[in-house]
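What follows is each chain in one-letter form.
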Amino acid sequence: MTNLDLIERDLEVLWHPCTQMKDHEQLPPIPIRSGRGVWLEDFDGKRYLDAISSWWVNLFGHNNPHINAALRDQLERLEHVMLAGFTHEPALQLAERLVQISPAGLTRCFYADNGSSAVEVALKMSYHYWRNVGKPRKTRFIGLENGYHGETLGALAAGSVPLYRQIYAPLLMDVITVPSPDAFNREAGESWADCAHRRFAKMEEALARHGDEVCGVIIEPLVQCAGGMRMYDPVYLNLLRDACERHGVHLIADEIAVGFGRTGTLFACEQAGISPDFLCLAKGLTGGYLPLSAVLTTEAVYAAFYDDYANLNAFLHSHSYTGNPLGCRAALATLDLFERDDVLGRNLRLAEAMRNATAHFAEHSHIAEVRQTGMILAVELVKDKAAREPYPWQERRGLIVYRHALKRGVLLRPLGNVLYFMPPYVITPDEIELLAEVALEGIQLATAE
Ligand SMILES: *Cc1c(COP(=O)(O)O)cnc(C)c1O
């Protein structure tokens, strides 16, 4: 079988995610036959360095021997059982370990099966909590501009990236959106921290004004990933933790993309030393193997639902595959790897290698900024550097980089004008050099008029 065979069949029957299918007339999907480590291989034998961890999910490489072995073992025991009325070792072991490694105070683990549904769970639980404790007027949420929390209607409502949200706006609940602390938009001479402080005034204002009708504030700690890898100072999280406390509002940390070491610490919230009321985890949770998500919350939230059945205070939310044993087992194997190796220590060196390999990018006349938080490095392409004027989105400059990189055997998938590296943690310094080289070639092509 060749690439061509599969492409023909694919285009007859498949509808791909987040894709204008007509684009495939120009650039067909690439059929992948196998993966190993950071490399993917297509049916013609061409290899691609997966520099974006297959949409940010992969942590320890494709076809990881340790995770494979755990899954094989689990497969011989139990593939699935419903989690209502039943339990199993992988689900409870994983809950124990997540409670242990997550920020203090998060003692309860509720499973769902993808990131968006974890966000739905957190939103519903937060609202329902306030109802159960006699505050039924709390029905709204606050989110950040440029935030992203997934594609299902509740999660989409909580986010505010226009490309994904705008068309569906009439279907979405009304969320209060406040300006992002995004440091790209800081004023001349302003530090990231100053920018976060200044922007926080708007959050404080929204909380003061709407606090009694707001259930919770939902944010992506430190990096707004889908919004173009925009980053901000941890102090914003400290200010927000404190303000949520004062206004009686939950803090919902969506660490679906930034959790599990992406930002340098196991969880991004650690960099501010805060604990949220809800922590949403998915993506890297299973090392990029299987769809599974978890929402961790506090004993106080849990207690508000614990009641006689007839009082109808239970959280009657479920997904068929809630706590799937294979997913949980992949997650346990992933956590093993964090325990066995000094992953965060090694990532410090890899992050430095990414910084060094791209140090010269900043001089480029169409690169406004190279920014980095741990294992996420982003390059912002602009039309006019002095004015920070973006390229019109219609020009699809990022797509030129994407196509060039594919030719060169690298999978980069820019978000509009933002090119980024978010590689699996098993990438080598040499592979990082290759990545930087190919990226810069792509940028030259994309910005040469
Ligand atoms: C990807 C993502 C989601 C949605 O997760 P899915 O598994 O794609 O539904 C939610 N929040 C953030 C921050 C994400 O990056």
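This structure is a prediction, so every number in the text was calculated from the model and none was measured.

1. As for helix α11 (residues 325-340)
Because each turn of an α-helix spans 3.6 residues, side chains separated by three or four positions in sequence point in the same direction. With 16 residues, α11 ought to run about 22 Å at 1.5 Å a step, and its terminal C-alpha atoms sit 22 Å apart, in line with that. Buried residues dominate α11, accounting for 12 of its 16 residues. All of the buried residues along α11 are P325, L326, G327, C328, A330, A331, L332, A333, T334, L335, L337 and F338. Looking at the buried residues of α11, the elements they touch are α3 (65-75), α4 (89-101), β4 (106-112) and α12 (343-357). For α11, the N-terminal cap is N324; the gap from its side-chain oxygen to the backbone nitrogen of L326 is 3.1 Å.

2. Brief notes about the pairing of strand β14 (residues 376-381)
Where burial is concerned, most of β14 is hidden: six out of the six residues are buried. Two strands pair when backbone bridges link them, and strand β13 (residues 367-373) and β14 are joined in this way by six bridges, in the antiparallel orientation. For V370, the partnering residue across the bridge sits in β14 and is V379. Between the end of β13 and the start of β14, which pair antiparallel, lie two residues, with G374 showing a positive phi angle near 60 degrees.

3. Examining the environment of A118
In this fold, A118 is placed in helix α5 (residues 115-132). For the pair A118 and F184, spaced 66 residues apart in sequence, the C-alpha separation works out to 29 Å. Discounting chain neighbours no more than four positions away, the residues touching A118 are A112, C280, L281, S293, A294 and V295.

4. Some points on a nonpolar patch on the surface
Together, L153, I167, Y168 and L171 make up an exposed nonpolar region whose accessible area comes to about 440 Å². Residue placement: Y168 occurs in the loop between α7 (162-165) and β6 (176-178). Given a relative accessible area of 41%, Y168 falls into the partly exposed group.

5. A short note on the packing of helix α13 (residues 397-407) against helix α14 (residues 429-447)
Contact geometry of α13 with α14 gives a least axis separation of 8 Å together with a crossing angle of 135 degrees. As far as their axial angle goes, α14 and α13 are oblique. The two elements α13 and α14 cross, and the hand of that crossing is right-handed. The segment α13 lies against α14, with R397, I400, V401, H404 and A405 engaging V438, E441, G442, I443, L445, A446 and T447. Classifying every residue of the contact of α13 with α14 by side-chain character gives seven nonpolar, three polar and two charged.

6. Remarks on the sheet that holds strand β16 (residues 418-421)
Here we have three strands laid out as an open sheet, ordered β13-β14-β16, and antiparallel in their pairing. Looking along the sheet, the strands with just one partner apiece sit at the ends: β13 and β16. Each adjacent strand pair in this sheet contributes to an overall mean axis angle of 15 degrees, direction not counted. Note that β14 and β16 share four bridges and pair antiparallel. Each residue of the ladder has a partner; that of E380, found in β16, is V418. Contacts from α14 reach β13, β14 and β16, with the element oriented near 170 degrees to β16.

7. Overview of the site of the ligand
The local shell around the ligand consists of W56, N114, G115, S116, Y148, H149, G150, E220, D254, I256, A257 and K283. One nitrogen or oxygen atom from the side chain of S116 is found 2.5 Å from an oxygen atom belonging to the ligand. Protein coverage of the free-state accessible area of the ligand, which is 380 Å², stands at 83%. Split into classes, the residues belonging to the shell around the ligand amount to four nonpolar, five polar and three charged.

8. A closer look at unusual backbone geometry
You will see that N146, though not glycine, has its phi angle at about 70 degrees, which is positive. Tracing the sequence through the fold places N146 in the loop between β5 (140-144) and α6 (153-158). Among the residues examined, N146 registers a relative accessible area of 22% and is labelled partly exposed.

9. Here's the deal with the nonpolar core
Counting 115 residues, the largest nonpolar core has M203, M229 and F260 as the members making the most contacts within it. Looking at which domains feed residues into this core, each of domain 1 (31-63 + 342-446) and domain 2 (69-340) gives three or more. Beyond its immediate stretch of four places on either side in the chain, M203 contacts I142, L144, V178, V217, Y236 and L240. One finds Y129, F141, A155 and I252 within the second-largest nonpolar core, a separate group that totals 24 residues.

10. A look at the domain arrangement of the chain
Here the chain is partitioned into domain 1 (31-63 + 342-446) and domain 2 (69-340). Put simply, the middle of domain 1 and the middle of domain 2, counted by C-alpha atoms, are 26 Å apart. Listed per partner, the contact involves 30 residues of domain 1 and 29 residues of domain 2. When the two sides are added together, the surface that domain 1 and domain 2 hide from each other amounts to roughly 2,500 Å², 64% of it contributed by carbon and sulfur. On the surface where domain 1 and domain 2 come into contact, there are two salt bridges. Here domain 1 and domain 2 share 14 residue pairs in polar contact (both at pLDDT 80 or more) between them.

11. Points about the packing of aromatic side chains
Evaluation of the coordinates by the stated rule reveals 13 aromatic pairs. When the ring of F260 is compared with that of F338, the centres are 6.5 Å apart and the planes differ by 45 degrees; the resulting orientation is tilted. Residue F260 is found in the loop between β10 (250-254) and β11 (278-281), and its partner F338 is found in helix α11; the two are separated by 78 residues along the sequence. Each member of the pair, F260 as well as F338, carries the same accessibility label: buried. Over the ring of F43 we find R33; its NZ or CZ atom is 5.8 Å from the centre of that ring. Lying across the ring of W39, R47 places its NZ or CZ 4.3 Å from the centre.

What counts, and where the lines are drawn
Residues numbered from 1 in each chain as written. Predicted model: local features only at pLDDT ≥ 70, side-chain atom pairs only at ≥ 80, totals over all residues. Heavy atoms only, no water. Helix = DSSP H or I, 4+ residues; strand = E, 2+ residues; numbered from the N terminus. Expected span 1.5 Å × (residues − 1). Buried < 20%, exposed > 50% of the residue type's maximum accessible area, 1.4 Å probe, protein only. Contact = heavy atoms within 4.5 Å. Polar contact = N/O pair within 3.5 Å; in protein donor to acceptor, adjacent residues only side chain to side chain. Pairing = 2+ DSSP bridges. Patch = residues over 30% accessible without salt bridge, like charges linked within 9 Å, V, L, I, M, F, W, Y side chains within 5 Å. Areas by Shrake-Rupley, 256 points an atom, 1.4 Å probe, with all protein chains shown as cover. Salt bridge = Lys/Arg side-chain N within 4 Å of Asp/Glu carboxyl O. Axes fitted to C-alpha atoms, helices over the stretch in contact; angles between N-to-C directions. Parallel < 35°, antiparallel > 145°, perpendicular 65-115°, else oblique. Left-handed = near helix turned anticlockwise from the far one by under 90°. Nonpolar A, V, L, I, M, F, W, Y, C, P; charged D, E, K, R; others polar. Near = heavy atom within 4 Å. Core = buried A, V, L, I, M, F, W, Y, C linked by side-chain atoms within 4.5 Å. Domains from an automatic or database assignment. Buried area = accessible area lost by both parts, 1.4 Å probe. Phe/Tyr/Trp six-rings, centres within 6.5 Å; stacked < 30°, edge-to-face > 60°. Lys NZ or Arg CZ within 6 Å of the ring centre and 35° of its normal.

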